[in-house]
Each structure stands twice: as C-alpha cells, then as structure tokens.
Amino acid sequence: MMSCRIEIKNMKNIFYIILVILGLFLISIVLEPNFRPKGSLYIYNGTVITLEDGQPETNAVFVDKGKIVAVGTDPELRHFLKETTQIIDLKGATLLPGFIDPHTHPVASSFLHGMIDLSGFTHRSQKEIWTHLESQIKNYSPGEWILCKGLDVVLVPDLEPPHITYLDSIAPNNPLLIASLSMHSFWGNTLAFKEADINQETPNPSESSFYGRDSSGKLNGYISEQAAFQPFKETVIKALGNDILKEKCVKVLNGYAAHGNTSITSMGITTDDPNVIRLYEHLSSETSSFFNWVLEKFGLLPKRKPTVRNFVFVRDDADHLLPKSSNNGDDFFKMMGVKFWYDGSPYTGSMYLNEPFKSSAVNQEKIHVPSGYSGKALWNKDEIANRIQRYDSAGWQVAIHAQGDKAISETLDAFEKSGISKYSRHRLEHCLLPEKEAIQRMAELGVSPSFHINHLWYYGEALENHIIGQERTGRILPLKAAENNSLIFSLHADQPMFESDPLSLLHTAVNRKTRDGKIVGKSNKISVEQGLKSLTINAAWQIKMENKIGSIKPGKYADFVIIDQNPMMVDPEKIKDIHVLQTIVNGNTVYKKD
C-alpha cells in the first residue's frame, strides 16, 4: 500500500514537471522573438537595382511579412499601402539586393576583434609597428594577455619577423601573442609559450605546422600554421572568458551588416566545438529552439535580435559537427558542407605552383621559401577524390581552398576522378592563379570558383616584385575569363584577412588596380553589373538560395542594402567611396547609418 502511494506521488511529481516544461515551452513561443516581421514595408523615391534581367531597374518595392510582394514604380505600387505600412523614402539613394559574403570566418574574426592592429594597412614601416606596439603595452596589467593582429612582412618592406628575445624585452610581465595578416603565421614571447604549455621539448604537430627553433633547439617565438597555434588559441579563449567572446561574436555579425551584407558563408568555421555552432545557430536562425531559449534566459547565450543569415561549412577535420542530414536548419542558418585545404598561402611560401616561387629577398630571407621551391599539396589526389564522393553522396557541398595553378589543376583532377554530378555546386576557394585550361575545366565539371579579389588591391605589387613575378601576376584572378566561360563565380574578402567590404571588392574587380594605382590584368576587368551579381545572386546560387535571396523579385525575402550612390552611374574609380546607409534582412533593419 505504501509503495503504491509513493508510486502515485512520483507520478504526480513527474506530471507537474512535464506541465512546468510545457508551460515554459508555451511561454517561449509567445515571448521568444523571431525574425518574421508582421507588418509591411514600402521603399520608394530612389533607384532600385533588381539584378533581374527582366526588370533590371525601377524605383519602388512593396514588402509584406518579410517577403517582396511587388517591384515597380511609384506611385503605381501605392495601392498596396496600409495604414500600418512602414515607409522608407530613399531620397535619391540606391536600393540593391543585400550583399552575400560567400567566404568569411566569423569565429576567427571574433577572436581577433579588438586586438592591437600591427597591419601594413595602418603602418608603413617596421619602426611604426614596434613603436605602436610598445606604446600600447603600458595599457595592460601584469599577467594580462596582449594580443595583436595583422603583422605582414610582405606589405611592410623593411619588417623583420620578431624574435622571442625582443618580445620578452618589451613585455616581460605579460603573455604576448601576434597573429599575421594571413593567419598562417604567429609569434609569441616566453610567457605566451608557457601559458600554452609549449616548450622546446614539445613535438611539432606536422612538417608544415611547427614551432620555430634556433640552431640549438631553443624556441625562437615563431608558430607556423593552425595546428601549432591551436594550444595558444585555446589558452587565450579560456583566459578571455565566454562572456567577452560572445560579445565579440555579436559585434562581428553587426560589422558584416554595417558593410551591407545580409548573408554570410562561414567557410571552414574555425572550431571543433558544437557549442560554437549552437551559438551561431541561436543568433541567426529564424526562431531559436526551446533549449537555446533557456540558455539565453540564464545568460549562457546572447540575447537574440535580427542579424545576418549564416550558412556554414565545417573544416574537413571537424565533420563531426555536421548534423545527420544535409536537409537541416532553415533559410537563416544552415550547415552546408565541408571545406578542405589543398595548399596554403602565397605569403608563407605554401601555395602549390607549377613553377617555383620567384627568387627574391622577400621570399628567401623573410618568408624563408627555399630557392627553387614550388610548394606542395596538403592532400593526396586520390584520397580527396574519395572524400568528395563520400560527402557528395550524402548531399553535402564540398569547398576546396586552392590558390596556386598546380593546386587548382590537381583539385580539378580530384573532382573529375570522383565521378560526381556536375550539378552539385561544389566550389574552389580563392583561385588566385588558375590557368586558362583550369577555367574551362571548371565549367565542364560544374565547379564554381569564389575569387579572393583583393589579393590584387593589397598585394599586386608584392606578388609581381617579390612572390611570383610579372608574368604570373598578370594572370591572377581571371574574372573575365570565368565570365566568358559561363562560370557562376563570386567574390570574397576572406575576413579577417581583409575586411568584409563588398563595395571594396566591386571596386577592385571593375578597376583591376592595386592600392598604389598599378593596373594588373586589364583584360580581366568585369562590368559593374557583373561585379554586383558576383556579390549577390551568384553567391546565393553557390549556397543553393538563388530562389530566395540575391535579387529583388516578388516572392523572395526582403534582403536589401541601401547605398548613397548608384554604382552603375559613378566614376568606377569612386566605387570604394560609396557608403552603406541601411541594411535590411527579411524586412528587418539590421544596420542603419547614424
């Protein structure tokens, strides 16, 4: 009898717990903000560039509940207006489809956000760089991590990589860590190595990722590639704390919106932690899950607000982060596939070339590229072909980092050997130096390139004078050749390497000039219209979203950017001076210029 009462009591307790959970769930449905606007929006009195061939330009758009209802002229569309319709008067400004960043790194960007800037963008000499760093160190308390970004021996001609003894001398009481602009090289002082539990006895992770040592075996402060850097990254993240990192994540997403981006593709997201995926899913998904809602209420996840869409490719060594099915997520957050690295960077001597790197003081003495070296593949062609086939058969997209002509050619060999359909929309990333034949093969195989176009703007002279020479530099980033072969291609900045500023990418693609005014590969200039498509509808196509975003058309999401000038009408040399005024995702304003 007693056991029966206890059992009934336990059942009642379970019942009450279930009721509480259900109650909380219902409350979450009522209270949890989602990104579906309930009202309507009318935008008029400016230029509307639709990037739809049937109606390329007009002057008004009507939106209801986050979707485009009508595109036409004012006042013809005014019959759609309701008393509650929000009205945006462009006052002569230009409305475009929201920009889509097809290759970016929000996690790495968040990690670097707020670090001391040592880049060649802001400093032109070694003296400027170290004077700036030394002036900043006094702002840190003893024991506090001093974190720096952007160091680049290529952009700053007289810069010598720092030795551990110098870093110890300027920061004897603080762990000091410096990241290169490319994020392939790093430097630390003795305290940084100690905090990361790395000493001269620590084995190198691999032949290509290692800790620099002098002739006696002592650490010299250099850290090569991500695997060797991982212990430092984990230590810094732990030291900074979750609250600061979550705050940085939100700020970085806001930064994408401030540049007119309405969607981003996290390409090879730099994490193997499922909680990081949960964080970005919570921030971008149309509605958050009940569990994430609970975590938000306890302060374990940030408060949600409308932000950019996020489409995620995981690293090849972190495919455990992929959900069970490629049919996952929603139109705001989705896991897309896997990214591989077939070669490295031209600025670390790890790009894979048909012919050796140029013999130069920069290559041999600063980057330490062996004379006659052509780089090497990071994968066996047969193995990567098998991996392509495996992921493709499960419905995942594959993106492969390939910079050098040899890397691109061998990667295309792997795609061909995999025997997959040409309609899977797999991708090549960066594509600095594809040969003419490679462009043709991409078209035949259905492999879509995304070009890292601002290599040209920032490094055009350096590539020609120091890295690969004049002839090869003249062939880099052949956008017009890709267009002529009917390839659907996109442009990206690879943030945090370069800031995710689509108008800067457009400027470079149209003008083909370096920041010092030198024209590189004039025959590969593209039109402003083609450049805009590469930043919108083409990038949408690459993530299989072209029917929902990427142009201004009835039925698509109301993802827009408002800019102060029409890029089709301004002097091409002034495109980079156009300003973003407002960014709208799904009818919600996610950025507005003060």
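A brief report on the enclosed structure follows. (Residues numbered from 1 in each chain as written. Predicted model: local features only at pLDDT ≥ 70, side-chain atom pairs only at ≥ 80, totals over all residues. Heavy atoms only, no water.)

**Considering the overall build of the chain**
- Regarding its fold elements, the chain presents 19 helices and 22 strands.
- Overall, the chain is about 75 × 75 × 55 Å in size when its C-alpha atoms are taken along their principal axes.
- By residue count, 57% of the 594 residues in the chain fall in the buried class.
- Once local pairs closer than 6 in sequence are excluded, the contacts in the chain between residues at least 24 apart make up 70%.
- Element-wise, carbon and sulfur atoms account for 52% of the exposed surface of the chain, whose accessible area totals about 25,300 Å².
- Counting 63 positive and 68 negative side-chain charges, the chain places the averaged centre of each group 5 Å from the other. (Helix = DSSP H or I, 4+ residues; strand = E, 2+ residues; numbered from the N terminus. Buried < 20%, exposed > 50% of the residue type's maximum accessible area, 1.4 Å probe, protein only. Contact = heavy atoms within 4.5 Å. Areas by Shrake-Rupley, 256 points an atom, 1.4 Å probe, with all protein chains shown as cover. Lys, Arg positive; Asp, Glu negative; His and termini not counted. Charge placed at Lys NZ, Arg CZ, Asp CG, Glu CD.)

**Digging into the nonpolar core**
- Judged by nonpolar contacts, the single largest core of 120 residues is most densely connected at L133, L428 and Y459.
- Considering every element that reaches this core, the biggest residue donor is helix 14 (residues 454-467), with seven residues.
- Ignoring sequence-local partners within four residues, the contact set of L133 consists of I116, L118, C148, I170, L176 and I178.
- In terms of nonpolar packing, the next biggest core, distinct from the first, is built from 21 residues, M115, I164, I198 and Y211 among them. (Core = buried A, V, L, I, M, F, W, Y, C linked by side-chain atoms within 4.5 Å.)

**What to know about the pattern of salt bridges**
- Within the structure shown, the criterion is met by 25 salt bridges.
- Ionic pairing is found between D53 and K533, a salt bridge with its closest N-O pair at 3.1 Å. On the criterion of sequence distance, the pair formed by D53 in the loop between strand 1 (40-49) and strand 2 (57-64) and K533 in helix 18 (residues 528-534) is long-range, its members being 480 residues apart.
- Taking the relative accessible area as the measure of exposure, D53 reaches 61% and is therefore exposed.
- We classify K533 as buried; its relative accessible area is 15%.
- Of the charged contacts, one joins E529 and K533 as a salt bridge, the two residues approaching to 3.8 Å between their closest N and O atoms. Of this pair, E529 and K533 both sit in helix 18, four residues apart, which is roughly one turn of that helix.
- Within the structure, one salt-bridge network assembled from shared partners comprises K381, D413, E416 and R441. (Salt bridge = Lys/Arg side-chain N within 4 Å of Asp/Glu carboxyl O.)

**Digging into the environment of H466**
- By the secondary structure assignment, H466 is in helix 14.
- A residue is classified by how much of its surface remains accessible, and H466, at 28% relative accessible area, is partly exposed.
- A sequence separation of 169 residues divides H466 from K297, and the C-alpha atoms of the two residues are 54 Å apart.
- Once residues lying within four places of it in the same chain are set aside, the contact partners of H466 are K358, S360, V362, N363 and E461.

**Comments concerning helix 7 (residues 242-258)**
- When the terminal C-alpha atoms of helix 7 are compared, their 24 Å separation across 17 residues agrees well with the 24 Å that a helix rising 1.5 Å per residue should span.
- A positive phi of about 90° marks G260, the residue just after helix 7. (Expected span 1.5 Å × (residues − 1).)

**A closer look at unusual backbone geometry**
- The omega angle of the peptide bond from D74 to P75 is 15°, so this bond is cis rather than trans.
- Here P75 is to be found in the loop between strand 3 (67-72) and strand 4 (86-89).
- Here the phi dihedral of R425 falls at roughly 65°; this positive angle occurs in a residue that is not glycine.
- Despite not being glycine, C431 has its phi angle at roughly 50°, a positive value.
- By the element assignment, C431 lies in the loop between strand 17 (427-430) and helix 13 (436-445).
- C431 gets classed as buried once you look at its relative accessible area, which sits at 0%.

**Examining the sheet that holds strand 6 (residues 99-104)**
- Overall, parallel pairing links the eight strands, which are arranged 6-13-14-15-16-17-18-19 in an open sheet. The outermost strands of the open sheet, each flanked by one partner alone, are strand 6 and strand 19 (490-491). (Pairing = 2+ DSSP bridges.)

**Quick word on the pairing of strand 12 (residues 219-224)**
- Most of strand 12 sits out of view: five of its six residues are buried.
- Bridge analysis of strand 10 (residues 185-188) against strand 12 gives three bridges, and the strand direction is antiparallel. Considered in strand 12, the bridge of F186 is made with I223.
- Alignment of strand 11 (residues 211-213) against strand 12, held across two bridges, turns out to be antiparallel. Looking across to strand 12, one finds that R213 is bridged to L219.
- Where strand 11 hands over to strand 12, the hairpin turn is made up of five residues, of which G217 adopts a positive phi near 95°.

**Some words on the sheet that holds strand 11**
- With respect to topology, six strands assemble into an open sheet ordered 7-8-9-10-12-11, the strand pairing being mixed. At either margin of the open sheet sits one strand with a lone partner, and together these are strand 7 (116-117) and strand 11.
- Pairing geometry for strand 8 (residues 146-151) and strand 9 (residues 176-180), over four bridges, is parallel. Pairing of I146 across the sheet is with L176, part of strand 9.
- Here helix 6 (residues 225-240) sits on the sheet and contacts strand 8, strand 9, strand 10, strand 11 and strand 12; the angle it forms with strand 12, its principal contact strand, is near 95°. (Axes fitted to C-alpha atoms, helices over the stretch in contact; angles between N-to-C directions.)

**Looking at the pairing of strand 1**
- Of all 10 residues that make up strand 1, nine are buried, and the element is covered over most of its length.
- For strand 1 and strand 2, the ladder comprises seven bridges, and the chain directions are antiparallel. What sits directly across from I43, in strand 2, is V61.
- Bridging between strand 1 and strand 4 involves four bridges; their strand directions are parallel. Paired with I43 across the two strands is I88, which belongs to strand 4.
- In this structure, strand 1 lies alongside strand 5 (residues 94-97), joined through two bridges in parallel fashion.

**Some details on the environment of P97**
- Structurally, P97 is set in strand 5.
- Each C-alpha atom, one on P97 and one on T583, is 9.7 Å from the other, the two residues being 486 residues apart in sequence.
- In this structure, P97 is in contact with I49, T50, L51, T536, G550, S551, I552, D559, F560 and V561, ignoring residues within four places of it in sequence.

**Overview of the packing of helix 8 (residues 274-284) against helix 9 (residues 290-297)**
- Here helix 8 crosses helix 9 at 95°, and the two axes come no closer than 11 Å. Taken together, the axes of helix 8 and helix 9 are roughly perpendicular relative to one another. On helix 9, the residues that touch R278, E281 and H282 of helix 8 are F291, N292, L295 and E296.
- Each residue belonging to the contact of helix 8 with helix 9 can be placed in one class, and the counts come to two nonpolar, two polar and three charged. (Parallel < 35°, antiparallel > 145°, perpendicular 65-115°, else oblique. Nonpolar A, V, L, I, M, F, W, Y, C, P; charged D, E, K, R; others polar.)

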